[in-house]
Amino acid sequence: MEALLVNYVEKSLEQYMRRNAVFLCERLYAEFPSEVNLQLLARCYLNNNQPHSAYYILKGMQMFQSRYLFAIACLEMDLFCEAEAALLPVKDLCAEVPNGAAVQYLLGIIYRDTDRKNKSIEHFRKTLSIDPLFWAAYEQLCMLGEAEEAAVCFGDATVPCVQEHYLGNASSCLLIADTDHSSDSSQRFGLEYLSRSHLKQREGNNIRDICENNHGGPILTGAVRQSKNSCCSTSFSSTPSPVPTQIRGSLFFDSGLRRSARLAAGQRSLNTSQGSENKAKSLHASTKLSSETCSSTFCQGKLLETYEVAVSELETYEVAVSEFGATSSSLSSTTDVKSIQHEIENTKLSSFISDSATIKSGISDTMKLLRTLGEGYRHLCMFRCKEALNVYQKLSSKQYNTGWILSQVGKAYFELVDYLNADYAFSLARQISPYNLEEMDVYSTVLYHLKQDMKLKYLAQEMILVDRFAPQTWCAIGNCYSLQKDHESALKSFQRAVQLNSRFAYAHTLSGHEYVIMEDYGKGVECYQTSLHVDARHYNSWYGLGMIYLRQEKFEFAEHHFRQAYQINPLSSVIMYYLGTTLEALKRSEEALEMMEKAIVIDNKNPLPKYSKAKLLVTLGKLNEALEILEELKECTPRESCIYALMGAIYKRNKKYDKAMLHFGIALDLKPSIVDVAKIEAAIEKLIIPDEMEESL
């Protein structure tokens, strides 16, 4: 009864029938109370989004897997101290246990969320040292600005580590398959029944495989069983819950492998005596498949199929054994029997060596792919967007045309203020992965800047249908309201995103932007500061604080915050422009001019730094250089009144009154603001007054 209930609980979880799994597992634990079954019940609760229930039943349990599940539940509830206390007793054993990399990763998340950056970085690096394929840890290091080059993290030096995980497990399974030939038939049938049920109890969200990433590893003694993993996400909140495992599952799994090996060996001997090569090839393929699937957790279906084929040929095996005995007794000496056995072992060994070579080649290809992806992602996190785009262009078309890569490409174009290309990349990503909401909050901001009202509404509607409880959805809704000038509704939407995920820094930043538009600077400062508390490298919030202080004419504070944003993102022409504007307000014209020149080099299409440079040159008395820049600007942006007004002022200082009057008139025709109109009209009135008289007035 216990085995049957366990099987159906696992089956329900595998088929995402979570409520059914909870109900059956409660019946299981009521009938057969044990810590292993209690772990399974906790796992069901976590899968069913009931972390409080899992927390209640796991609190105080001491087994490693129980403590691990308890830490997962605590993190889901933002109980960081309790999660840390649950994991700390086993952190020194992390390199020896299968969950080692995952434990280090969770500790890194805890330290990151409790403002202990250095310890967080240390544990993320340990995660990669244990498991080089733990991509989520590399993502965290990149976002913290502490990732090493991808050639180091995923270089040739890490290949032996992956091979040790992957090939080491395969060779151990091969050795196990050749032992234990003395079990009686009744015991074999009993183990066969149970192992067939337990082989199906392996699904895609076991915490054991978070650290192993489907490339093997030692089996933890106690309550750990192999399972397939589908979790290494960019954010921790999307990390699937762990799978509590049972020691008997591991035991029966090995039993099944031994039986398959005996069947293969017996059939091989039968074919040697009978000369039936076709049958031998068939069973040899089955044995080879069993060896392969032993070392790879993602081939569960094939393993089970191979096992069932072996069981179905039990009668053939018994005949083979009897005929093998008759054949071997008729041999002239035991040397022939040993030579046959030696031939069998050589065949298995050559098959394993061939498979090992294929696996090594696959590992090299995988590490090469991760090096490319890692380097591109690191460049993007460091806001070296052009370099990131160049790296992503090296990918094959199969990899490039995926939702994740195209979203990263769209984000790179967004940071480069190339909104048209960003829109195109995100649109392709939506076509390929229409139900993926990652980076769609950035896409909504792209459409906001492009004033694409209908596309933004359509995007928000689609995101609501996909997941109305995702913070990205409410950011898109807020941008939609903000574009329609309904700032109250926009602010409520952004605050809803914050309620859904208090650590979503971009939602705090967008809330701050709305408060600034509404001229509520006090609350805007609070939102930006909260965002920086979540993510100190979120340069948008540093920029937002700088803008508030610039408007309040607190230029020293503005300079500090703009410089912080500039240190994080040194390739943003927008940040450079406002930092230069602040320096100009502080009467530091030379520094301001240098910053404007850097902004122009970074983005030659941005007219604001060019206009500010022209103003600074006028201040420094370099009128001809200023006119050259303004003539260039006039060609690019012919309907900006401020350009013509400044040109009129320069011609006036050069005593070219006709040209000055012409440009002042054009500036008035372009309908500037009321303040600018007053300034231009005042300049026209004083146009014919000599500079000496004007200064005396």
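Because the structure is a prediction, the values reported are computed rather than measured.

Visitor: Quick one: what's the story with the overall build of the chain, residue by residue and with numbers?
Guide: When helices and strands are counted, the chain shows 38 helices and zero strands. Residue burial in the chain is summarised as follows: out of 697 residues, 52% are buried. Sequence separation of 24 or more characterises 59% of the internal contacts of the chain that already satisfy a separation of 6 or more. Approximately 32,900 Å² of the chain is accessible, and the part contributed by carbon and sulfur atoms is 54%.

Visitor: Which residues make up the side chain of Ser572, and what values go with them?
Guide: Among the structural elements, Ser572 can be located in the loop between α30 (555–568) and α31 (573–585). There is a polar contact of 3.3 Å between the side chain of Ser572 and the backbone nitrogen of Ile575.

Visitor: Outline the packing of helix α33 (residues 607–619) against helix α35 (residues 641–653), supporting the account with residue identities and numerical values.
Guide: For the pair α33 and α35, interaxial distance at closest approach is 11 Å and the crossing angle is 20°. Here α33 is positioned roughly parallel relative to α35, judged by the angle of their axes. Helix-helix and strand crossings are classified by hand; for α33 and α35 the assignment is left-handed. Each of Tyr611, Ala614, Lys615 and Val618 in α33 lies in contact with α35, whose residues at this interface are Cys642, Ile643, Leu646, Ile650 and Arg653. Its residues placed into classes, the contact of α33 with α35 shows seven nonpolar, no polar and two charged.

Visitor: Can you tell me about the pattern of salt bridges, naming the residues and giving the values?
Guide: Summed over the entire model, instances satisfying the criterion amount to 20 salt bridges. For Lys117, the salt bridge is made with Glu146, and the minimal N-O distance between the two is 4.0 Å. With Lys117 in helix α8 (residues 117–130) and Glu146 in the loop between α9 (135–143) and α10 (150–153), this pair connects stretches of sequence that are 29 residues apart. In this structure, a network of salt bridges that share partners links the residues Glu559, Arg563, Arg588 and Glu591.

Visitor: How would you summarise the packing of aromatic side chains if you had to cite specific residues and measurements?
Guide: Applying the stated rule across the entire model yields 17 aromatic pairs. With 5.7 Å between their ring centres and 50° between their planes, Tyr105 and Phe124 make a pair best called tilted. Placement of Tyr105 in helix α7 (residues 100–113) and of Phe124 in helix α8 is noted, with a sequence separation of 19 residues between them. Residue classification places Tyr105 among the buried residues on the basis of a relative accessible area of 4%. We classify Phe124 as buried; its relative accessible area is 0%. Among the aromatic side chains, those forming a connected cluster through ring pairs are Trp135, Tyr138, Phe154, Tyr377 and Trp404. For Arg27, the ring lying beneath its charged end belongs to Phe23, and the centroid distance is 4.8 Å.

Visitor: I'd love a proper account of unusual backbone geometry, names of residues and values included.
Guide: Glycine aside, residues mostly have negative phi angles, and peptide bonds mostly take the trans form. At Asn49, a residue that is not glycine, the phi angle is positive and equals roughly 60°. Of note, Asn49 is situated in the loop between α3 (35–47) and α4 (51–58). Non-glycine residue Glu553 carries a positive phi angle of around 60°. Take Glu553: it is sitting in the loop between α29 (539–551) and α30.

Visitor: Which residues make up the packing of helix α2 (residues 18–31) against α3, and what values go with them?
Guide: To describe two helices that pack against each other, one gives the angle between their axes and the distance between the axes. Here α2 crosses α3 at 160°, and the two axes come no closer than 9 Å. Comparing the axis directions of α2 and α3 gives the class roughly antiparallel. Considering how the two elements wind past one another, α2 and α3 form a crossing that is left-handed. On the side of α2, the interface is formed by Arg18, Ala21, Val22, Cys25, Glu26, Leu28 and Tyr29, while α3 contributes Asn37, Leu38, Leu40, Leu41, Cys44, Tyr45 and Asn47. Grouping the amino acids of the contact of α2 with α3 by side-chain chemistry returns ten nonpolar, two polar and two charged.

Visitor: Report on the nonpolar core, specifying residues and quantitative values.
Guide: Formed by 83 residues in total, the largest nonpolar core has its most connected members in Val9, Leu58, Leu87, Tyr105, Tyr138, Phe154 and Tyr392. Setting aside its immediate chain neighbours within four residues, Tyr392 contacts Leu373, Gly376, Tyr377, Tyr400, Trp404, Ile405, Gln408 and Val409. Residues Tyr611, Val618, Ala645 and Leu687 belong to the second largest nonpolar core, which totals 53 residues.

Visitor: I'd like a description of α33, backed by residues and values.
Guide: For α33, built from 13 residues, the straight-helix expectation of 18 Å at 1.5 Å per residue is met to within 8% by its first-to-last C-alpha distance of 19 Å. All of the buried residues along α33 are Pro609, Lys610, Tyr611, Ser612, Lys613, Ala614, Leu616, Leu617 and Val618. In this structure, the buried residues of α33 make contact with α31, α32 (589–602), α34 (623–636) and α35. Put simply, Asn606 is the residue that caps the front of α33, since its side-chain oxygen is 3.3 Å from the backbone nitrogen of Leu608.

Visitor: Just give me the short version of α8, but keep the residues and values in it.
Guide: Here α8 contains 14 residues, and its C-alpha end-to-end distance of 20 Å stays within 8% of the 20 Å for a straight helix at 1.5 Å per residue. All buried positions along α8 are accounted for by Ser120, Ile121, His123, Phe124, Thr127, Leu128 and Ile130.

Visitor: Account for the confidence of the model for the chain, with residues named and values stated.
Guide: Across the chain, the average pLDDT comes to 75, with 70% of residues at 70 or higher. Across residues 692–697, confidence stays below pLDDT 50; counting only partners more than four residues off in sequence or on other chains, it has four contacts.

Visitor: How would you explain the side chain of His561 if you had to name every residue and give the values?
Guide: Along the chain, the position of His561 falls in helix α30. Only 2.8 Å separates the side chain of His561 from the backbone oxygen of Phe557, close enough to count as a polar contact. If we skip the residues at most four places from it in the chain, His561 touches Trp542, Leu545, Gly546 and Tyr549.

Visitor: Explain the environment of Glu526 to me, and be specific about the residues and the numbers.
Guide: Within the secondary structure, Glu526 is located in helix α28 (residues 521–534). In sequence terms Glu526 and Tyr515 are eleven residues apart; their C-alpha atoms lie 9.9 Å from each other.

Visitor: Residues and numbers for the environment of Leu406, please.
Guide: Locating Leu406 in the fold gives a position in helix α21 (residues 403–415). Leu406 gets classed as buried once you look at its relative accessible area, which sits at 2%. Along the primary structure Leu406 and Tyr392 are separated by 14 residues, whereas in three dimensions their C-alpha atoms are 9.2 Å apart. Excluding its chain neighbours within four sequence positions, the residues that come into contact with Leu406 are Tyr400, Asn401, Ala425, Leu428, Ala429 and Ile432.

Visitor: How would you summarise the environment of His379 if you had to cite specific residues and measurements?
Guide: Position of His379 relative to the elements: it lies in helix α18 (residues 334–381). Distance in space between the C-alpha atoms of His379 and Cys142 is 8.6 Å, their sequence separation being 237 residues. Not counting residues up to four positions away in its chain, the partners in contact with His379 are Arg384, Glu387, Ala388 and Val391.

What counts and what doesn't
Residues numbered from 1 in each chain as written. Predicted model: local features only at pLDDT ≥ 70, side-chain atom pairs only at ≥ 80, totals over all residues. Heavy atoms only, no water. Helix = DSSP H or I, 4+ residues; strand = E, 2+ residues; numbered from the N terminus. Buried < 20%, exposed > 50% of the residue type's maximum accessible area, 1.4 Å probe, protein only. Contact = heavy atoms within 4.5 Å. Areas by Shrake-Rupley, 256 points an atom, 1.4 Å probe, with all protein chains shown as cover. Polar contact = N/O pair within 3.5 Å; in protein donor to acceptor, adjacent residues only side chain to side chain. Axes fitted to C-alpha atoms, helices over the stretch in contact; angles between N-to-C directions. Parallel < 35°, antiparallel > 145°, perpendicular 65-115°, else oblique. Left-handed = near helix turned anticlockwise from the far one by under 90°. Nonpolar A, V, L, I, M, F, W, Y, C, P; charged D, E, K, R; others polar. Salt bridge = Lys/Arg side-chain N within 4 Å of Asp/Glu carboxyl O. Phe/Tyr/Trp six-rings, centres within 6.5 Å; stacked < 30°, edge-to-face > 60°. Lys NZ or Arg CZ within 6 Å of the ring centre and 35° of its normal. Core = buried A, V, L, I, M, F, W, Y, C linked by side-chain atoms within 4.5 Å. Expected span 1.5 Å × (residues − 1). pLDDT = per-residue confidence, 0-100.

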